[in-house]
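Analysis of the macromolecular model
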Amino acid sequence: MEEKKISEKYNLKDKVDENFYLQSTEQVAVQLLNKILVKCEKDGTILAGKIVETEAYLGKDDAASHSFGGETERNRPMFEKGGILYVYRSYGIHHCINIVTEEKSIGAAVLIRAVEPLAGLVLMKRRRGTDNIHKLCNGPGNTAKAFGFTKDDNFQSLLSENLFITNNRILPKSKIIKTQRVGISRSRDQMLRFYIKNSKFISRK
DNA sequence: ACTCCGATGGTCT
DNA sequence: GACCATCGGAGTG
């Protein structure tokens, strides 16, 4: 019944198409805000949440990007055509998910940093070990854990039945906050982090 | 409020 | 061997 409420409020059939992911990475990062990430588990459980915080990582000239310097074994998904997942392990402990953008061989992606949970909260709470809804997906590592993303989901298409993003109401420009990216040491000056103003679900102020 | 730090493993030099 | 696109808990004020 949780899923029913969601489908009344949001049109989960209005999936984002491939062209969306082929836009400039900064555009995708901004436009992902307010959209709904949907993942269907093998047992039928639907997980969904509104994307409230993103970061753009540009191509091989962006010193903060994993793609910096060119293609390697790890960053190979980033050099694929936009519309797939790039999942990496962070600090040996967490997983983080990125949405690959632009054309093949560009090497760019958008990091999903925080999500406002909408459906599948029982499973998310169990995976995260907390009932605090504001802490289920408040950061890239926590988001991946709540949604159950692992290295197995690397290269996974976002144009599939089990994993996709849907359109939602357009976010007014006045609600988009643009800041420096967090947790990086190089290219700190670039303003490539975006989040929804006043959201209680972002990773940090 | 803040800072510090340990956990833990893959990737790259 | 160094470096992380993190997180949560401990300590301090």
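The rules behind the values
- Residue indices begin from 1 for each chain and proceed along its sequence in written order.
- Chains and ligands are labelled sequentially in the order written, the chains with letters from A and the ligands with numbers from 1.
- Reporting of local features is limited, given that this is a predicted model, to residues whose pLDDT is at least 70; pairs of side-chain atoms are given and counted only at 80 or more, and all residues count toward the totals for whole chains, interfaces and linings.
- The side-chain figures draw on all heavy atoms in the structure; neither hydrogens nor water molecules are used.
- By definition, any uninterrupted DSSP run of H or I lasting at least four residues is a helix, any uninterrupted run of E lasting at least two residues is a strand, and each is numbered from the N terminus.
- Pairs of residues are marked as contacts when any of their non-hydrogen atoms sit within 4.5 Å.
- Here the accessible surface of atoms and residues is derived via Shrake-Rupley with a 1.4 Å probe, and residues count as covered only by protein chains that are part of the display.
- Positive: Lys, Arg. Negative: Asp, Glu. His and the chain ends are not part of the count.
- A single reference atom marks each charge: NZ on Lys, CZ on Arg, CG on Asp, CD on Glu.
- For this purpose, a residue is taken to be near a molecule or strand whenever a single non-hydrogen atom of the residue falls within 4 Å of it.
- What qualifies as a polar contact is a pair of N or O atoms within 3.5 Å, subject to a donor-acceptor requirement within protein and to the restriction that residues adjacent in sequence count only when both atoms come from side chains.
- Residue polarity is assigned by list, with Asp, Glu, Lys and Arg as charged and Ala, Val, Leu, Ile, Met, Phe, Trp, Tyr, Cys and Pro as nonpolar; anything else, Gly included, falls into the polar class.
- We call a residue buried when its accessible area falls under 20% of the maximum for its residue type, exposed when it is over 50%, and partly exposed in between, using a 1.4 Å probe and counting protein chains only.
- One requirement defines pairing of two strands: DSSP has to find at least two bridges between them.
- Directions from the helix axis toward the C-beta atoms define the arc.

**Description of the overall build of chain A**
Of the regular secondary structure elements, chain A holds five helices and eight strands. When the helices and strands of chain A are placed in sequence order, the string is α-α-α-β-β-β-β-β-α-α-β-β-β. Principal-axis analysis of the C-alpha atoms places the extent of chain A at approximately 50 × 35 × 35 Å. Looking at chain A alone, contacts between residues at least 24 apart form 60% of all its contacts between residues at least 6 apart. When the accessible surface of chain A is split by element, carbon and sulfur atoms take 48% of a total near 10400 Å². Between the averaged position of the 35 positive side-chain charges in chain A and that of its 24 negative side-chain charges there is a distance of 7 Å.

**Observations concerning the protein's contact with DNA strand C**
As a matter of local geometry, DNA strand C sits amid 19 residues, with Tyr-91, His-94, Asn-98, Arg-128 and Gly-183 nearest to it. A share of 61% of the atoms of DNA strand C within 4 Å of the protein falls on sugar and phosphate groups. Taking Ser-90, its side chain carries an N or O atom lying 3.3 Å from a sugar or linking oxygen of DNA strand C. In this structure, a phosphate oxygen belonging to DNA strand C sits 3.2 Å away from a main-chain N or O atom of Pro-140. Of all the secondary structure elements, the ones that give two or more residues to the surface near DNA strand C are β3 (85–90), β4 (94–101), β5 (108–119) and α5 (140–147). Per element, the largest residue contribution to the surface near DNA strand C is three residues, and it comes from α5. Class assignment of the residues belonging to the surface near DNA strand C gives a composition of eight nonpolar, nine polar and two charged.

**So, the protein's contact with DNA strand B**
Lining the immediate environment of DNA strand B, one finds Thr-72, Arg-74, Tyr-91, Gly-92, Ile-93 and Lys-151. The share of sugar and phosphate among atoms of DNA strand B within 4 Å of the protein is 52%. The side chain of Thr-72 places a nitrogen or oxygen atom 2.3 Å from a phosphate oxygen of DNA strand B. Contact distances for DNA strand B include 2.2 Å between a base oxygen and a backbone N or O atom of Tyr-91. Classifying every residue of the surface near DNA strand B by side-chain character gives two nonpolar, two polar and two charged.

**Observations regarding α5**
For α5, the buried fraction is high: six of the eight residues fall into the buried class. Considered for burial, the residues of α5 that qualify are Pro-140, Gly-141, Thr-143, Ala-144, Ala-146 and Phe-147. Packed against the buried residues of α5 are β1 (36–40), β2 (46–57), β4, β5 and α4 (121–128). Directly after α5, the chain includes Gly-148, whose backbone phi takes a positive value near 75°.

**Digging into the pairing of β4**
Buried residues dominate β4, accounting for seven of its eight residues. Of the pairings in the sheet, the one linking β3 to β4 comprises six bridges and is antiparallel in character. Bridge pairing in β4 links Ser-90 to His-94. Between β3 and β4, which pair antiparallel and follow one another directly, the connecting turn spans three residues, one of which, Tyr-91, has a positive phi of 55°.

**Describing α4**
Where α4 is concerned, the buried positions are Leu-121, Leu-123, Met-124 and Arg-128. Down the axis of α4, the buried side of the element spans an arc of 160°, and every buried residue falls inside it. In α4, the exposed positions angled more than 90 degrees off the buried face are occupied by Val-122 and Arg-126. Where α4 is buried, its residues contact α1 (2–9), β2, β5 and α5. Immediately beyond the C-terminal end of α4, within one or two residues, lies Gly-129, with a positive phi of roughly 70°.

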